[in-house]
Amino acid sequence: QVQLVESGGGLVQAGDSLRLSCAASGRTFRAFAMGWFRQAPGKEREFVASIRWSSGSTWYADSVKGRFTISRDNAKNTAYLQMNSLKPEDTAVYYCAVGSSLCSGCYDPRVYDFWGQGTQVTVSS
């Protein structure tokens, strides 16, 4: 089993920044990619960003491109999501996930094997 713990969420104003962290522990298998997803009340979980663990290649949803940056620290088994210029529509519970399946872009939540418990991000206008 792999445990993922997100942190860094909170309540901010529009235009502010937050950095989310996702620390992996346990049987850290050969992860292929780590992704961030979010789910707002009454909406489906949606892809935010992903990163290939070995190469560092990244992908982003159009809604966050240019504002969010995903990164990872291999030595710490930790991924980050730097969120700048936050908007009220970014309000959601943010989840990190890790998967070992080969994927291009890794947009599909079904390719991920383990999920964190989520961290709330609330952006006020």
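Describing the overall build of the protein
Inference 1: Regarding its fold elements, the protein presents 0 helices and 11 strands.
Inference 2: Each helix and strand of the protein, ordered N terminal to C terminal, gives the series β-β-β-β-β-β-β-β-β-β-β.
Inference 3: Taken against the 2.2 N^0.38 rule, which gives 14 Å for 125 residues, the C-alpha radius of gyration of the protein at 13 Å falls within 12% of a compact globule.
Inference 4: On the principal axes, the C-alpha backbone points of the protein span a range of 40 × 25 × 25 Å.
Inference 5: A burial count over the protein gives 44% of its 125 residues as buried.
Inference 6: Long-range contacts, defined here as pairs at least 24 residues apart, represent 58% of the contacts in the protein between residues at least 6 apart.
Inference 7: About 6400 Å² of surface is accessible on the protein, with carbon and sulfur atoms providing 46% of the total.
Inference 8: The positive charge centre, built from 13 side chains, and the negative charge centre, built from 10, are 6 Å apart in the protein.

Each value, and the rule that gives it
- Residues numbered from 1 in each chain as written.
- Predicted model: local features only at pLDDT ≥ 70, side-chain atom pairs only at ≥ 80, totals over all residues.
- Heavy atoms only, no water.
- Helix = DSSP H or I, 4+ residues; strand = E, 2+ residues; numbered from the N terminus.
- Rg over C-alpha atoms; globule rule 2.2 N^0.38 Å.
- Buried < 20%, exposed > 50% of the residue type's maximum accessible area, 1.4 Å probe, protein only.
- Contact = heavy atoms within 4.5 Å.
- Areas by Shrake-Rupley, 256 points an atom, 1.4 Å probe, with all protein chains shown as cover.
- Lys, Arg positive; Asp, Glu negative; His and termini not counted.
- Charge placed at Lys NZ, Arg CZ, Asp CG, Glu CD.

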